[in-house]
Amino acid sequence: MYKKILILLLFSYSAISFAQNIDVKGTITEGSSGQPLPGVNIILKNTSKGATTDFDGIFTLKDVPINSVIVISYLGYVTQEVKVVNNDPINVSLQEDAESLNEVVVIGYGSQTKKEVTGAVSTVSSETLSELAPVKVEQALQGTVSGVNVTTQSGAPGAGLDIRIRGISTNGTNGPAVFIDGYQGDLSLLNPNDIETITVLKDAQAAIYGTIGANGVILITTKTGSKGSKTKVTFNTYVGYQETTRKLPLLNASEYALILNESYAAAGQNLPYPNVTGLGVGTDWQDEVFNSQVPIVNHDFSVSGGSEKLAYTISASHLYQQGIIAPKKTDFRRNTARLSLRGDISEKIKFSSNVIYTYLDRDSVNDFGLGSVLFNALNAPPTLSAYDQNGDFSLVPNTAGLGIEIINPLAQIENTFNDFDLRKLNGSFSMDYQPTDQLTFTSRIGFNNTEQKGKSFAKIVDYGGKVFDVTRSSVSQSAENFNDYTLDLFANYKDTFFEDHNVTATLGTTIYKTFGNGLFATGYDVPNNDWAYADISLATGTGADGVRDVGSYAFDERRMSVFGRLQYDYKGKYLLSAMLRRDMSTKFGPNNRVAYFPSATAGWIISDEEFLNDSSLINFLKLRVSYGVLGNDQIPNNGYVGQLNGEATYVFDGTLTNGVAIGQLPNPDLQWEEAKKFDVGLDFTILNEKVDVTTDYFINKRDNLLISNIPVSGIAGVYAPGGSSPTINAGGVENKGFEFAINYKDNLSENLKLSVSYNVTTLTNEVTEVNNSTGFIEGGSFGVGQPAISRMEVGQPIGYFYGYKTDGIFQNQAEVDAHPSQLALGANASPGDLRYVDVNNDGVIDTDDRTNLGDPIPDVTMGLNLTLNWKNLDFTAYAFASIGNDMVRNYERTLTDVNQLNYVLDRWTGEGTSNTVPRVTTAATTNNVFSDYFVEDASYLRLQNVQLGYNLPADVIESMGFTKVRLYCGVNNLVTLTKYRGYDPGATSGAPIGGGIDFGFYPIPRTYLFGLNLNF
């Protein structure tokens, strides 16, 4: 009896013990340093119950069943699962996963681990974005990703940036396609701190996007909350001030007067400044237009977290930046708000959504080209005061020596009035249905809705008889609406057969529709000649007879695509991926509307072979190869049909009436532009994964280039008002080069960590076909009245500079007499003039002697980035170099009385005095004809970011309730080393033919930042 009772009691005790819950305690540390990790998520698996570690890495998870599993996760570290067997403390050391081969990489309509990727793919992390603190996301790609070059059109706030992936391949649109969480979007409108990763697809891996992947693809993944995590709040802010990085060395008033006297005397004219005494330095117009301590402010915050089945992120940001020229009239505001949700509707159905609202407000002045503010500042005489005796803006004299386009830049700023506002709502909604572990169906809707309004006011103003004089006030307004929608339906199937054969198949369809409209109107005679009354509703006048005061447009274009991809690997070391996409676009006629784009990539993980298993040096080694055909339809709408957008007048009943006529000529045979991309690459890590190397050799060949406005016979009416030539498939371009990237990361001691990365890209660009009547296409301008100076021509780089070569300076008359005549260029040569080369050796210098003078495409680009962490201090430095890019100096007006750079002080004044800078004279010469005298090597090295940060110790911020408090200071665009004389050697207009011609590019400002990062 006692025995039975004892057994019963033991059984009951065992049952009670088995059913009881316990409190689990433990400590989480960082694997390499052993330091405690605060804020680590501790979750009871398959529940919402959780805890986080405190500042000492300690956690307590209460009421945990015996034999249950807890999940330990922390951003940047490998997630671990631990089984609870008793109430002993659980101490876990987390290992870093930032560079792990198991890191997931987005590749379009799916993802792969870094180990499995067989294409040329690069990523930029949120940590890099935080270190660079870019105003625009595009800036973070410069120097951090091999094969990618980012150029500025202007340093003005809100100005556009151009991204080129592996060179310039077409004379049309060269920018990559951008996808934000799966839908096609706009990179420039994003808040950089909303981004988790940027993935760049550079080769045939982008073929899954078919017709829009020819220029490469950039995939943006935004930040999201984590399921089962506590609410996390982050706040980031910085304030700073800006200044110009450069001022050009112009002549001061005394130097200017002496040079002008010399030039007038050389032509036998009276001296304009008989008495130079007392002129001094005069007016420094650059000091007048450039401002220092110009503010920039940025704030953003986010709230993220999640429950057992739902994760969320809410964020908002505000950026305000003034320009270093006319700060109040070149300011830029960007406000964003974002909501991200993802969750589980059931065990098999999941949803996600991401919605972003952006508001932009930008004001600007003329900052590029002939007549820009800087152009006037560089050319206005330093002997002229900025203001007259009455305190009004002084007038630049209307003389032959100063022309009719140079005006007082301060008056120009004062009389510039415009405003641009943009509101954009974009995002995506998706649903995943997973009926089995192997199969997932995804439906996704992406959308962009943009409304933008612009207004400019032309005030009645007299600049003294210049072309910019306004005799009648007017206000011009525009309202435009752009919309696009994308519907993606696709399925992913992933399974393993016979243990070693792994297959992932993707099949889907996408429908894209874009449509919009615009309305433009101009009203005259603005009340009170005042910006405050500049509105069409208040304007009382209309334009002159025959002038249209109202214009409009509308468009509606669509694409429909079907795509498939098969990924296969054997034992995880022999990798193969094949893709095919069928695209149909309404931008082409019925005969050529459909095209097919195939591609294939393959990889071999050599390090998994037995002969490398025991290697003490090589940790990972993978060989990649890819080839594919991608498309491009990024041309103006309705290119294959004729349009009634020309201007015409007709006589009806004896009255002259305005009407329309045929404008653009049709081309029903218009077809797809094709990009054929080949890549072979090698990835490897060595020295216990401390060194990571990626190399690629690529050949990108572009055929059937879509070239707008190909010259045709004038009989067709293309030169009539509003008329234009057709778009034709008429060219080919090839880019080839080599990419090399190396990263080194190591813990040098318990408190010191080092990370260094370097990348270099070489590029050779060559035009392979120009199928028109002349064999070349022209673009770009120089001076006034000279022919175009840039060309696209077979055997040459696209957009190369075409002009005359020089061979020093004529030192005496004997050299002039012995040289072929230069009279065909406009004037006889004299001692002190530029000597041009007889390229074709026909005994005369004429237009047939023009040749290649260089091009704006760099031969080599490099990035060098450094990060150091010592205890609570962190230091970063990012540098970028461009080698071999040329630029045309075109910011100096060729009139006789304008100011000049001080290199003219080294001019030729007699035999043997100079062999580089010609004489000065007001007489007719050929020295201003476009030649290599105006082409300069614009290679440069730019230290584009330096930042020093300090994390407050945990014991200091614990009582305040923060998990992170970081203070930092930094400088963006710290210094640029270059021999180029202009403001910015890295700037370009963005035009494939005509880029790199410098009219006085607005320089990128140097920015000093002071910031704060808070987590709680």
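No experiment lies behind these values; they were computed from the predicted model shown.

Novice: Just to check I follow, could you spell out the overall build of the chain for this structure?
Specialist: Helix and strand content of the chain: 8 helices and 51 strands. Taking 31 Å as the expected radius of gyration for a compact globule of 1016 residues, we find that the chain reaches 33 Å, a close match to that expectation. If you line up the chain on its principal axes, its C-alpha atoms span 135 × 70 × 65 Å. By residue count, 50% of the 1016 residues in the chain fall in the buried class. Residue pairs at least 24 apart in sequence account for 70% of intrachain contacts in the chain once pairs closer than 6 positions are excluded. If you sum the accessible surface of the chain, you get close to 44200 Å²; carbon and sulfur atoms cover 55% of it.

Novice: Explanation requested: the pairing of strand E20 (residues 332-344) in the structure shown.
Specialist: Put simply, side chains in a regular strand alternate between the two faces of the sheet. Sheet analysis places strand E19 (residues 310-321) next to E20, joined by 12 bridges and oriented antiparallel. In the strand pairing of E20, Ser317 is matched with Thr336. Relative to strand E21 (residues 349-362), E20 is paired through 13 bridges, and the arrangement is antiparallel. Bridging across to E21, Leu339 finds its partner in Val355. Connecting E20 to the antiparallel partner E21 that follows it, the hairpin turn spans 4 residues.

Novice: Sorry if this is basic, but what is going on with the sheet that holds strand E1 (residues 21-30) here?
Specialist: The pairing of strands in a sheet comes from backbone hydrogen bonds and takes either a parallel or an antiparallel form. With mixed pairing, the 3 strands of this open sheet are ordered in space as E4-E1-E7. Among the strands making up the open sheet, the edge pair consists of strand E4 (58-65) and strand E7 (90-94). Along the sheet, successive strands turn relative to each other by an average axial angle of 30°, direction set aside. Note that E1 and E7 share 5 bridges and pair parallel.

Novice: Sorry if this is basic, but what is going on with the side chain of Thr313 here?
Specialist: Along the chain, Thr313 falls in strand E19. A relative accessible area of 3% means that Thr313 is categorised as buried. A polar contact is formed between the side chain of Thr313 and the backbone nitrogen of Gly225, at a distance of 2.8 Å. Other than its neighbours up to four places away in sequence, Thr313 contacts Lys223, Thr224, Gly225, Val303, Ser304, Arg338, Leu339 and Ser340.

Novice: What am I meant to see in the nonpolar core here?
Specialist: Taken as a class, soluble globular proteins show a tendency for nonpolar side chains to be buried jointly. Formed by 56 residues in total, the largest nonpolar core has its most connected members in Trp285, Ile325, Leu374, Phe801, Tyr836, Val888 and Phe930. Elements with a minimum of two residues in this core: helix H4 (285-289), helix H5 (373-379), helix H6 (409-414), strand E42 (834-836) and strand E46 (886-889). Top contributing element to this core by residue count: H5, with 5 residues. If you look at the next biggest cluster of nonpolar residues, it comprises 24 residues, including Leu129, Ile180, Ile220 and Tyr878.

Novice: Help me understand the packing of aromatic side chains in this model?
Specialist: Aromatic ring pairs are described here by two measures, namely the spacing of the ring centres and the angle between the planes. A full pass over the atoms with the stated rule returns 27 aromatic pairs. With 6.0 Å between their ring centres and 10° between their planes, Phe429 and Phe447 make a pair best called stacked. Of this pair, Phe429 sits in strand E22 (residues 417-433) while Phe447 sits in strand E23 (residues 439-458), and the two are 18 residues apart along the sequence. Residue Phe447 is classed as buried on the basis of its relative accessible area, which comes to 13%.

Novice: In this structure, what is going on with the pattern of salt bridges? I would like to understand it.
Specialist: Should the charged atoms of two oppositely charged side chains come close, the side chains can pair. A complete count under the given rule lists 40 salt bridges for this structure. In this structure, Lys115 engages Asp608 in a salt bridge whose closest nitrogen and oxygen atoms are separated by 3.6 Å. Residue Lys115 is located in the loop between strand E9 (111-113) and strand E10 (121-125), and its partner Asp608 is located in the loop between strand E28 (594-605) and strand E29 (618-632); the two are separated by 493 residues in the primary sequence. Owing to a relative accessible area of 26%, Lys115 belongs among the partly exposed residues under this scheme. In this structure, the salt-bridge partner of Glu778 is Arg791, at a minimum N-O distance of 3.7 Å. Of the two residues, Glu778 sits in strand E38 (residues 776-779) while Arg791 sits in strand E39 (residues 790-793), which places them 13 residues apart along the sequence. Connected through shared salt-bridge partners, Arg166, Lys202, Lys622, Arg624, Asp679, Asp683, Asp696 and Glu739 make up one network.

Novice: Is there a simple way to explain helix H3 (residues 253-266) in this structure?
Specialist: Here H3 is 14 residues long and its end C-alpha atoms lie 20 Å apart, about the 20 Å a rise of 1.5 Å per residue gives. Residues of H3 that are buried include every one of Ala253, Tyr256, Ala257, Ile259, Leu260, Asn261, Ser263 and Tyr264, and no others. Where H3 begins, the side chain of Asn252 points an oxygen toward the backbone nitrogen of Ser254, at a separation of 3.1 Å. Where H3 ends, the next residue or the one after it, Gly268, has phi of about 75°, a positive value.

Novice: Would you mind going over unusual backbone geometry with me for this structure?
Specialist: Note: most peptide bonds trans; most residues except glycine with negative phi. Despite not being glycine, Gln293 has its phi angle at roughly 55°, a positive value. Residue position: Gln293 is located in the loop between H4 and strand E18 (294-306). Accessibility expressed as a relative area gives 63% for Gln293, which makes it exposed. Even without a glycine there, the phi angle at Asp525 is positive, about 60°. Relative to the helices and strands, Asp525 resides in the loop between strand E25 (501-524) and strand E26 (550-570).

Novice: I keep staring at the pairing of strand E5 (residues 69-73) and nothing clicks. Help me out?
Specialist: Bridge count for strand E2 (residues 41-44) against E5 is 4 bridges, and the pairing is antiparallel. Of the residues in E5, the one forming a bridge with Asn41 is Ser73. Inspection of the sheet shows E5 paired to strand E6 (residues 80-83) by 4 bridges, in the antiparallel sense. When the bridges of E6 are listed, Ile72 appears paired with Gln80.

Novice: Hey, could you run me through the sheet that holds E38 in this one?
Specialist: As summarised here, the arrangement of the 4 strands in space is E38-E39-E40-E43, forming an open sheet in which the pairing is antiparallel. In this open sheet, the two strands that pair with only one neighbour each are E38 and strand E43 (851-852). As judged from the 2 bridges shared by E39 and strand E40 (residues 800-803), these two strands associate in the antiparallel manner. Across the sheet, the residue bridging to Ser790 is Phe801, located in E40.

Novice: Just to check I follow, could you spell out a negative patch on the surface for this structure?
Specialist: A contiguous patch of negative charge on the surface is contributed by Asp54, Asp56, Asp955 and Glu958. On the secondary structure map, Asp955 appears in helix H8 (residues 954-957). Residue class for Asp955 comes out exposed when judged on its relative accessible area of 61%.

Novice: Is there a simple way to explain the environment of Glu499 in this structure?
Specialist: With respect to the helices and strands, the residue Glu499 is situated in the loop between strand E24 (474-497) and E25. With relative accessibility at 73%, the residue Glu499 sits in the exposed group. Taking C-alpha positions, Glu499 is 42 Å from Val355, a pair spaced 144 residues apart along the chain.

Novice: Got a minute to help me understand a nonpolar patch on the surface in this structure?
Specialist: Taken together, Ile445, Leu487, Leu489, Ile511 and Met560 make up a surface patch of nonpolar side chains, about 400 Å² in accessible area. Relative to the assigned elements, Ile511 resides in strand E25.

Novice: Quick question: what am I supposed to make of the side chain of Asp549 here?
Specialist: Structurally, the position occupied by Asp549 is in the loop between E25 and E26. Notably, Asp549 is buried but unbridged: the nearest opposite-charge side chain belongs to Arg472, and the N-O separation is 7.6 Å. Filtering out sequence-adjacent residues up to four positions away, Asp549 remains in contact with Phe520, Ala521, Thr522, Tyr524, Thr542 and Gly543.

Novice: I keep staring at the confidence of the model for the chain and nothing clicks. Help me out?
Specialist: The predicted coordinates should not be examined in detail at positions where pLDDT is low. Residues with a pLDDT of 70 or more make up 94% of the chain, whose mean pLDDT is 90. Residue range residues 1-19 is modelled with pLDDT below 50. Its contacts to residues more than four positions away, or to other chains, number 1 contact.

Novice: Mind showing me how you'd approach the environment of Ser304 here?
Specialist: Within the secondary structure, Ser304 sits in strand E18. Judged by relative accessible area, which is 15%, Ser304 ranks as buried. In this structure the C-alpha to C-alpha distance between Ser304 and Ile314, which are 10 residues apart in sequence, comes to 6.4 Å. Residues in contact with Ser304, not counting those within four places in the same chain, are Gly225, Lys230, Thr231, Lys232, Tyr312 and Thr313.

Cut-off values and rules
Residues numbered from 1 in each chain as written. Predicted model: local features only at pLDDT ≥ 70, side-chain atom pairs only at ≥ 80, totals over all residues. Heavy atoms only, no water. Helix = DSSP H or I, 4+ residues; strand = E, 2+ residues; numbered from the N terminus. Rg over C-alpha atoms; globule rule 2.2 N^0.38 Å. Buried < 20%, exposed > 50% of the residue type's maximum accessible area, 1.4 Å probe, protein only. Contact = heavy atoms within 4.5 Å. Areas by Shrake-Rupley, 256 points an atom, 1.4 Å probe, with all protein chains shown as cover. Pairing = 2+ DSSP bridges. Axes fitted to C-alpha atoms, helices over the stretch in contact; angles between N-to-C directions. Polar contact = N/O pair within 3.5 Å; in protein donor to acceptor, adjacent residues only side chain to side chain. Core = buried A, V, L, I, M, F, W, Y, C linked by side-chain atoms within 4.5 Å. Phe/Tyr/Trp six-rings, centres within 6.5 Å; stacked < 30°, edge-to-face > 60°. Salt bridge = Lys/Arg side-chain N within 4 Å of Asp/Glu carboxyl O. Expected span 1.5 Å × (residues − 1). Patch = residues over 30% accessible without salt bridge, like charges linked within 9 Å, V, L, I, M, F, W, Y side chains within 5 Å. Lys, Arg positive; Asp, Glu negative; His and termini not counted. Charge placed at Lys NZ, Arg CZ, Asp CG, Glu CD. pLDDT = per-residue confidence, 0-100.

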